[in-house]
Structure formats: C-alpha cells, structure tokens
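# Observations on the model geometry
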Amino acid sequence: MNARLSAMHRILDRPVNFAGRGLLLVGIIVLLAGAALPLWRISLVAPQYAEGLTLDMYAYQIVAGNAGQDLAEINTLNHYIGMKPIVQADFLEMKVMPFALGVFALLGLRAVVVGRIMGLVDLAVLFSYFGAFSLASFAYRLYSYGHHLDPHAPMKITPFMPVVIGSQQIANFVQTSLPLAGTFCMAGFVLLLVAALWTSIREARRDQR
C-alpha cells in the first residue's frame, strides 16, 4: 500500500510532459474563446411571436435578439404574469465569471510553463466544481424567475420551472433553452485538460517501469 502511494506521489510530482503542455495551451485558447462567445440561449416562440424572442447569455452580458428589443418585449410579457424583470445588473455571476475564467487561464498558463501533474489535477477539480456551480446557479435563477411570481399580477399562472435544456410549453409559448458555442468551448477545455493529464500520467508510468 505504501509502495503504491509513494509511486502515485512520484507520478503527481512529475512535470507535465511536452504533449500535455501543448494540449493544455490549446485548451486555454479554447477557454478564452468560450469566455467571449455566447454560453446559452433562451427563446420563446408563440403564434404572435413566430420569429421568436431570444436571449443569449454570455459570461459577462445578456444580448437580446432584434437589436435588444426582445428583452423589453420579454419583460413586458413577464410583467403580466408577475415575473421579475430580467435585468443584467442583477446577475452577479456575470461580474464574477470573467474574473474566474481569467484565473483559470492563468493557472493553466502556469502549468504550461512550470506545471506538475498535481497542478493539472488541481486545475481539473477546480474547473469541474466551477462548471457544476455555474450550471446549478443558472438553474436556480430559472427556478427563481418561474416560482417567485407576484400574486397581484394581471394574469394568474401556476408557478413553473423554465426548462434548463430542451423545450417546454408555457401557456401559448414554447420556451427553449440550449447551450451555445461558449459552453462547448468550456467542455472542450475540460477534455483537453483531461487529455493533458492522461498523456502525462501515461508517460510517467512508462518511465517508472
């Protein structure tokens, strides 16, 4: 048992190999691209809105369709059912996420230059936690918007959970929520990070034989 732990510690203490550094560098570029691209799209389609109303969620902003007019239209509709207006300033996540992604990029660059395998493990664990927390926070936002309805609103509807991924019918609207390019870039960063770990650990094990 002690021999296995010692062997594992020796592997974790090894520098990231050349292929791993290359994979990680590509991952950082993908991560930074994802920070600039839209992460998620929420759209509403109804007979009176055949072209749909859209909101694209970025790490740092909300961009509404139709040159921004869709947000005003959605907030007008929300007013009738007592839903809180969607205001970018309320999204604390959009102030924190750019900073967090910058920190992950810097940690990744440090691993490219002087990193050890243990540093990659730490980075993978931290980014996985960050991703899970961000997705859970997004889901809670949707839950909060759908459940905290003003009881004095002109129209009464049953509190609901807006779908996080997929489509659902809400009154005469079809609400759709899907990940966009930014989210796929984040997933790509994780895959490249895991690949960097895999190739570094495999080489370290081969050298120990």
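All residue numbers refer to positions counted from 1 along the written sequence of the respective chain. Side-chain atom pairs in this predicted model are given and counted only at pLDDT of 80 or more, local residue features only at pLDDT of at least 70, and totals for whole chains, interfaces and linings cover all residues. Heavy atoms throughout the structure, all of them, feed into the side-chain values; hydrogens and water do not.

## Details of the side chain of D56
Strands are runs of DSSP state E lasting at least 2 residues, helices are runs of H or I lasting at least 4, and numbering of each runs from the N terminus. With respect to the helices, strands and loops of the structure, D56 is situated in strand β2 (residues 49-57). Contacts described as polar in this section are N or O atom pairs within 3.5 Å, which, within protein, must combine one atom able to donate a hydrogen with one able to accept it, while residues neighboring in sequence count only if both atoms come from side chains. At 2.6 Å, the side chain of D56 and the side chain of R41 are in polar contact. Not counting residues within four places of it along the chain, the set of residues in contact with D56 comprises P38, W40, R41, Q61, I62, V63 and L180. Any two residues whose heavy atoms approach within 4.5 Å at even a single point are treated as in contact.

## A look at unusual backbone geometry
Trans peptide bonds make up the majority, and among non-glycine residues the majority have a negative phi. The backbone of N66 sits at a positive phi, close to 55°, despite the residue not being glycine. Mapped onto the elements of the fold, N66 is located in the loop between β3 (62-64) and α3 (69-81). Note on classification: 1.4 Å probe, protein chains only; a residue is buried when its accessible area is under 20% of the maximum for its type, exposed when over 50%, partly exposed between these limits. The class of N66 is exposed, set by a relative accessible area of 57%. At A171, a residue that is not glycine, the phi angle is positive and equals roughly 55°. Relative to the elements of secondary structure, A171 occurs in the loop between β4 (166-170) and β5 (173-179).

## Regarding the sheet that holds β5
A pair of strands is considered paired only if DSSP assigns at least 2 bridges between the two. Spatially, the five strands line up as an open sheet ordered β3-β2-β1-β5-β4, and their pairing is antiparallel. Pairing within the sheet leaves two strands with one partner each, and these edge strands are β3 and β4. With strand direction ignored, the average angle separating the axes of adjacent strands in the sheet is 20°. Across six bridges, the pairing between strand β1 (residues 40-46) and β5 is antiparallel. The residue bridging S43 from the neighbouring strand is T176, located in β5. Axes here mean lines fitted to C-alpha atoms, for a helix over just the part in contact, with angles spanning 0 to 180 degrees between N-to-C directions. In this fold α3 packs onto β1, β2, β3 and β5, with an angle of close to 105° to the strand it touches most, β2.

## Considerations on the pairing of β2
Of all the nine residues making up β2, seven are buried; the element is thus mostly covered by neighbouring parts of the structure. Relative to β2, β1 runs antiparallel, the two being bridged by six bridges. Its bridge partner lying in β2, A46 is registered against Y49. The antiparallel pairing of β1 with β2 creates a hairpin that spans two residues between the two strands. Alignment of β2 against β3, held across three bridges, turns out to be antiparallel. Paired with L55 across the bridge in β3 is A64. Linkage of β2 to β3, two consecutive antiparallel strands, is achieved through a turn of four residues.

## Here's the deal with the UniProt feature "transmembrane region" (unreviewed entry) in the chain
UniProt positions are given in the numbering used here, feature names are shortened, and annotations may be inferred rather than shown by experiment. In the numbering adopted here, UniProt assigns the feature "transmembrane region" (unreviewed entry) to residues 21-40, 96-113, 120-140 and 180-201. Annotation note: span residues 96-113, helix share 100%, strand share 0%, distance between end C-alpha atoms 26 Å. Note that residues 120-140 is 100% helix and 0% strand, and that its end C-alpha atoms are spaced 30 Å apart.

## Some remarks on a positive patch on the surface
Put simply, a patch holds well-exposed residues, over 30% relative accessible area, that have no salt bridge, with like charges counted together within 9 Å and Val, Leu, Ile, Met, Phe, Trp or Tyr side chains within 5 Å. Here the accessible surface of atoms and residues is derived via Shrake-Rupley with a 1.4 Å probe, and residues count as covered only by protein chains that are part of the display. Whenever Lys or Arg places a side-chain nitrogen within 4 Å of a carboxyl oxygen from Asp or Glu, that contact is recorded as a salt bridge. His residues and chain termini do not enter the charge count, which takes Lys and Arg as positive and Asp and Glu as negative. Lys charges are placed at NZ, Arg charges at CZ, Asp charges at CG and Glu charges at CD. A surface patch of positive charge is lined by R202, R205, R206 and R209. By the element assignment, R202 lies in helix α6 (residues 181-208). Residue R202 is classed as partly exposed on the basis of its relative accessible area of 42%.

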